[in-house]
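# Understanding the architecture of this molecule
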Amino acid sequence: MSVSEPIIVFENVYKTYNLYKDSREQFIALFHKSKKIKKHQALNNVSIKIYEGESVGIIGNNGAGKSTLLKMITGVAFPTSGNVIVKGRVAALLELTAGFSEEMTGRENIYLKGYLLGLNDSQIKEIESSIIDFAELGDYIDQPVRTYSSGMRLRLGFAININTKPQILVIDEALAVGDATFQNKCKNKIKELISQNVTVIFVSHSKNGVKEICKRAIYLKKGEIIFDGDVDEALKVYSAK
Amino acid sequence: MTSIFKEHKNQFKKILILAKTDLRKTYRGSFIGTGWALIKPSFTLFVYWFAFDIGIRQGREINGHSFFVFILPAFIAWFFMNDATILGAASIRQNSQYVKKMAFPVSTIITFSNLAKLYVHFMLTAIMYIILLLFGYYPNIYNLQFFLYCPFMFLFFLVLTWSTATMSAFSRDFQNLLNSIMTGIFWLTGIVYDTSAINIKWVQVIVYLNPFDFFVKGYRDTFIDNRWFFENPTRLCIILVEFVLLAILGMYNYKRLRKTLPDVL
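This one's a predicted model, so the numbers in the text were calculated from it and none came from an experiment. (Residues numbered from 1 in each chain as written. Chains lettered and ligands numbered in written order. Predicted model: local features only at pLDDT ≥ 70, side-chain atom pairs only at ≥ 80, totals over all residues. Heavy atoms only, no water.)

For the rest of this paragraph, the subject is the overall build of chain B. Within chain B, the secondary structure is distributed over twelve helices and zero strands. The order of α-helices and β-strands along chain B, N terminus first, is α-α-α-α-α-α-α-α-α-α-α-α. Taken against the 2.2 N^0.38 rule, which gives 18 Å for 265 residues, the C-alpha radius of gyration of chain B at 19 Å falls within 12% of a compact globule. Taking the principal axes of the C-alpha coordinates as reference, chain B spans close to 55 × 45 × 35 Å. Sorting the 265 residues of chain B into buried and exposed places 52% on the buried side. Contacts spanning at least 24 positions in sequence make up 82% of the contacts within chain B whose residues lie at least 6 apart. Of the roughly 12700 Å² of accessible surface on chain B, 69% is carried by carbon and sulfur atoms. Both charge centroids of chain B, one from 25 positive and one from 13 negative side chains, sit 13 Å from each other. (Helix = DSSP H or I, 4+ residues; strand = E, 2+ residues; numbered from the N terminus. Rg over C-alpha atoms; globule rule 2.2 N^0.38 Å. Buried < 20%, exposed > 50% of the residue type's maximum accessible area, 1.4 Å probe, protein only. Contact = heavy atoms within 4.5 Å. Areas by Shrake-Rupley, 256 points an atom, 1.4 Å probe, with all protein chains shown as cover. Lys, Arg positive; Asp, Glu negative; His and termini not counted. Charge placed at Lys NZ, Arg CZ, Asp CG, Glu CD.)

Right under this line is the structure:
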């Protein structure tokens, strides 16, 4: 493990979702805080420290709070109480095609998405060609995205996200991009990034997948951390439940 | 209090690009394209002119103007205010992918969405100016007030949208409520009639409190009535107070609801 400061810190994080009975209750909630609203506790006093260069697997059943955790790391969701500190650029391989504009060409979308991810012109120009190469879109790169197949969109999305030189990479294993050849290419790219000291957060149901990539794993159950440590032991606890 | 301003730091370029994208999205894939931005208001204007001037008023002048000239600047201001209110309120919900799927300065959605409407407004204003020239309303110093009224109108509806867009994103009912109210506001605003001609005290109070009427009147003063914005200091004070109150309310609502938006959208 690294000796440097942690790159991701969760301090006593709680996340509660309000479950509004109907749209009437939601409308009233705009003006008046009712105590009757049902709540769902998605994360319950979660504290984690993740250091630079670590690759950490998040395991747990559906509804364990994995997605909520990821959303907080990517800066989409916010804790109800507690602190989440994330240092460095996060590339999330979760919603690859989010932010694309259908009417713009693939190339224009590289810029659009680049801006959305917080890059500036020169930074995007620098990575433009490697994105186009990686996505294998050929002449389609100057066609509007609405003409793309879903595979092409995902490839472009993946290529953009992975090439933005992230410090933290968030991967949901449920994600499958393109054909087997392209999937291998993605896997290799991810491994390449890991060797370059990029921090990886990997969510998976499959034990082999986690073992392949991670040394450390966090086992979540009903919003609480059951185990945090060596990946083999974590998987043991996970299957023993 | 500062979160909206912080979110806009160094985002200028992104906001401009997204405003452009927003415009393209609105008029995409149709043969006439951006032309619709002109056709729709032209048609609305024609219908009101026909109903009132030909129909109800039968060609009488109003305050020394032909009816068409009287409603033209008012409608140009109204189109922007109406779009900024209704579409601005829908902006966060419409761009929910930015809220739900990436870390994004959500308040800039409101800005780029309203900027896109402002672009259309510039086009319409330019066309209006040409039409007024044809009607014999030649350029004069009062016209320069456009550069005060227009930015102020933009800012006024921007801070209003801080509240309405976040609340509409939180509850669809709020959005529907707003849409219904806007129809009423159209008729309460002096667009097809002159509110200052009504000599009833309580009506005047309502008129003075109605920001829509302020801008409609402002556009008229600027382009056809040749009056300065400071000629009615009471109104000016009221609108400035309203602006400050709305800005504070907007910052409060945004701060209160921002973090819950990814959960409810």
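Read on for the rest.
What follows deals with the interface of chain B and chain A. In this complex, chain B contributes 29 residues to the contact, which on the side of chain A involves 27 residues. Seen at the junction of chain B and chain A, the total is two salt bridges. One salt bridge in this structure joins D121(A) and K13(B), with 2.2 Å as the shortest N-O distance. Run the count over chain B and chain A and you get five residue pairs in polar contact (both at pLDDT 80 or more). Going through the elements one at a time, α2 (12–26), α5 (96–101), α7 (146–170), α8 (172–188), α11 (233–257) and α12 (261–264) of chain B are the ones with two or more residues in the side of chain B that touches chain A. For the side of chain B that touches chain A, the leading source of residues is α2(B), giving six residues. For the side of chain B that touches chain A, the per-class residue count stands at 14 nonpolar, four polar and eleven charged. (Salt bridge = Lys/Arg side-chain N within 4 Å of Asp/Glu carboxyl O. Polar contact = N/O pair within 3.5 Å; in protein donor to acceptor, adjacent residues only side chain to side chain. Nonpolar A, V, L, I, M, F, W, Y, C, P; charged D, E, K, R; others polar.)

Right, let's talk about α11(B) for a bit. Residues and elements named next belong to chain B. The end-to-end C-alpha separation of α11 is 36 Å, in line with the 36 Å expected for 25 residues at 1.5 Å each. Inspection of α11 places R235, I239, E242, F243, L246, A247, G250, M251, N253, Y254 and L257 among the buried residues, and these make up the whole buried set. Summarising the contacts, the buried residues of α11 are in contact with α1 (3–8), α6 (107–134), α7, α9 (201–209), α10 (211–225) and α12. (Expected span 1.5 Å × (residues − 1).)

It is worth spelling out helix α5 (residues 150–162) of chain A at this point. One turn of the α-helix equals 3.6 residues, which is why residues spaced by three or four share an orientation. Residues and elements named next belong to chain A. Here α5 contains 13 residues, and its C-alpha end-to-end distance of 18 Å stays within 8% of the 18 Å for a straight helix at 1.5 Å per residue. For α5, the tally of buried residues reaches ten of 13 residues, placing the bulk of the element in the interior. All of the buried residues along α5 are M152, R153, R155, L156, G157, F158, A159, I160, N161 and I162. Where α5 is buried, its residues contact β5 (90–93), α3 (106–116), α4 (121–135), β6 (168–172) and α6 (180–195).

This part is about the environment of I110(B). Residue and element names in this part refer to chain B. Assignment of secondary structure puts I110 in helix α6. Expressed as a C-alpha distance, the spacing of I110 and L87, which sit 23 residues apart in the sequence, is 9.8 Å. Dropping the residues within four chain positions of it, I110 is found in contact with S91, I92, L158, T161, W162 and A165.

Nothing here speaks to function; it is all geometry.
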